[in-house]
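Structural characterization, general
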Amino acid sequence: MIFDTHAHYDDAAFDEDREELIAALPAGGIGTVVNVGASLESTKTTLELARRYPYFYGAAGVHPNETGELTERDMEWLKGICREPKIVAVGEIGLDYHWDEPERGVQKKWFVRQLELAREVKLPVIIHSREAAKDTLDLMKGERAEEIGGVIHCFSYGVEMAREYLDMGFFIGIGGVLTFSNGKKLKEVAAYAPLDRIVLETDCPYLAPVPNRGRRNSSLNLPYVAEALAEIKGVTREEIEIQTCRNARRLYRLEER
Ligand code: NI
């Protein structure tokens with residue numbers, strides 16, 4: 001069974017058929033899903049999904065582009081959510097300079113604040129970092145993120161950066177981009193990273209793999225990513241599924257629950 005470590009089933013793209021689709025996941029070979037909050041609102045929906053479906057867990061956090069209006073009261077609320085039994089991570093949090101909004105100083109402030117939250121509630125973090133490689137790494141080193149642990153989701157940097165995060169004990173999140181013809185950099189990272197440090201993710205509804213590129217993504221597309229990774233690693237797709245599932249359980253510390 002495949003473990004989808006990063007999905008957004010709360011997204012409006014699933015409003016038409018959310019229940020049917022989620023119900024169909026186990027028969028489609030998807031064993032576990034972590035739905036990831038990206039705002040206060042989606043963290044709330046994430047918690048509802050995690051409570052409702054036994055094979056769902058949730059992550060609570062605010063995406064860098066959504067941090068503009070955050071307050072300390074919101075952090076208190078988030079802390080309460082983090083104590084819910086089915087919440088397994090703080091995320092997604094980080095820096096996004098592609099959408100330079102809100103300004104970088106604000107993004108950094110709430111990134112640090114949510115790293116502190118993760119440390120306090122003893123949960124791993126899900127890091128979103130886009131076009132912000134140096135600042136993300138500097139900030140995480142400053143906060144001793146290696147003591148917190150987690151995953152660099154939708155990894156988009158090169159081998160050098162991958163080495164930095166692997167040295168800090170982080171997992172590398174790999175999804176549909178691995179199947180893209182312009183996904184050369186990620187293929188190099190996938191070849192470089194040890195198989196016991198890679199986890200599979202969709203980031204659905206975004207980033208559907210080939211042959212469904214451009215359509216709405218779902219966890220049911222993950223076999224295509226597993227197949228592409230199997231080719232790179234020279235193992236079977238089954239081995240990829242088993243090992244990445246084991247990794248995901250370690251990442252989210254599911255055995256300790
Ligand atoms: Ni995401």
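Residues numbered from 1 in each chain as written. Predicted model: local features only at pLDDT ≥ 70, side-chain atom pairs only at ≥ 80, totals over all residues. Heavy atoms only, no water.

**Some points on the coordination of the nickel ion**
Any two of four tetrahedral donors ideally make an angle of 109.5 degrees at the metal, while pairs among six octahedral donors ideally make 90 or 180 degrees. The condition is simple: Donor atoms (N, O, S) are those found within 2.8 Å of the metal centre, with the cutoff raised to 3.2 Å for Na, K and Ca; water is not part of the atom list, so apparent gaps in a site can occur. Where helices and strands are cited, they refer to DSSP runs of H or I of at least four residues and of E of at least two residues respectively, numbered from the N terminus. For each residue, the accessible area found with a 1.4 Å probe, counting protein chains only, is set against the maximum for its type, and the residue is called buried under 20%, exposed over 50%, and partly exposed in between.
Within the first shell, the nickel ion binds the protein through His6 (NE2), His8 (NE2), Glu92 (OE) and Asp203 (OD), at distances of 2.2 to 2.3 Å. Each donor residue of the nickel ion lies on the same chain, and together they follow the pattern H-x1-H-x83-E-x110-D. In this pair, histidine 6 is assigned in strand β1 (residues 2-7) and glutamate 92 in strand β4 (residues 87-96), connecting sequence segments 86 residues apart. On the accessibility criterion, glutamate 92 (3% relative accessible area) is buried.

**A word on the environment of arginine 213**
Along the chain, the position of arginine 213 falls in the loop between β8 (198-200) and α8 (222-233). C-alpha of arginine 213 to C-alpha of glycine 176: the two residues are 37 residues apart in sequence and 8.0 Å apart in space.

**With respect to the UniProt feature "binding site: a divalent metal cation 2" (unreviewed entry) in the chain**
The criterion, for reference: UniProt positions are given in the numbering used here, feature names are shortened, and annotations may be inferred rather than shown by experiment. The definitions used throughout rest on a 1 Å grid laid over the protein atoms alone, on which a cavity is an enclosed set of points accommodating a 1.4 Å probe that cannot get out and a pocket is an open set flanked by protein within 12 Å on both sides along at least five of seven lines; lining residues are those having an atom within 4 Å of a point. Polar contacts, as used here, are pairs of N or O atoms within 3.5 Å; protein pairs need one atom able to donate a hydrogen and one able to accept it. Residues neighboring in sequence count only if both atoms are side-chain atoms.
Here the UniProt feature "binding site: a divalent metal cation 2" (unreviewed entry) sits at His128 and His153. For this annotated set, covering 26 residues, all C-alpha atoms fall within 5.8 Å of each other, a compact arrangement in space. Considering only the residues just annotated, the largest pocket is lined by His128 and His153. Of note, histidine 128 is situated in strand β5 (residues 125-130). A relative accessible area of 12% means that histidine 128 is categorised as buried. One polar contact links histidine 128 to histidine 63, side chain to side chain, over a distance of 3.4 Å. Residue position: histidine 153 is located in the loop between β6 (150-152) and α6 (159-167).

**Focus: the pairing of strand β3 (residues 56-60)**
Quick note on the threshold: Two strands are said to pair when DSSP picks up at least two bridges between them. Clockwise travel from the first strand over the helix to the second, with the strands pointing away from the viewer, marks a crossover as right-handed.
Burial runs high along β3: five of the five residues are buried. Burial along β3 is two-sided: Phe56, Gly58 and Ala60 and Tyr57 and Ala59, pointing in opposite directions, are all buried. Of the pairings in the sheet, the one linking strand β2 (residues 30-36) to β3 comprises four bridges and is parallel in character. Pairing of valine 36 across the sheet is with alanine 59, part of β3. Regarding the hand of the β-α-β motif, the stretch spanning β2, helix α2 (residues 40-52) and β3 is right-handed. Judged from the three bridges that link them, β3 and β4 form a sheet pairing that is parallel. Looking across to β4, one finds that alanine 60 is bridged to valine 90.

**Looking at the state of the cysteines**
Rules: Note on terminology: disulfide denotes any pair of cysteine sulfur atoms within 2.5 Å.
Following the criterion strictly, the structure yields zero disulfides and no others. Free cysteine cysteine 204: the closest other cysteine sulfur is in cysteine 154, separated by 12 Å. No disulfide involves cysteine 245; its sulfur sits 17 Å from the nearest other cysteine sulfur, which is in cysteine 204. Given the relative accessible area of 18%, cysteine 245 is considered buried.

**Regarding the nonpolar core**
The cut-off we apply is this: Among buried residues, the Ala, Val, Leu, Ile, Met, Phe, Trp, Tyr and Cys ones that are joined through side-chain atoms within 4.5 Å form a nonpolar core. In this description, contact between two residues means that some pair of their heavy atoms is separated by no more than 4.5 Å.
Judged by nonpolar contacts, the single largest core of 67 residues is most densely connected at Tyr9, Met140 and Phe155. Setting aside residues no more than four positions away along its own chain, tyrosine 9 makes contact with Phe14, Arg18, Leu21, Ile22, Leu25, Val33, Asn35, Leu49, Phe56, Cys204, Ser218 and Ser219. Of all hydrophobic cores here, the second largest spans 16 residues; its members include Tyr57, Ile126, Ala248 and Leu254.

**Here we look at the side chain of serine 218**
Structurally, serine 218 can be placed in the loop between β8 and α8. Residue serine 218 is classed as buried on the basis of its relative accessible area, which comes to 9%. Dropping the residues within four chain positions of it, serine 218 is found in contact with Tyr9, Leu21, Thr202 and Cys204.

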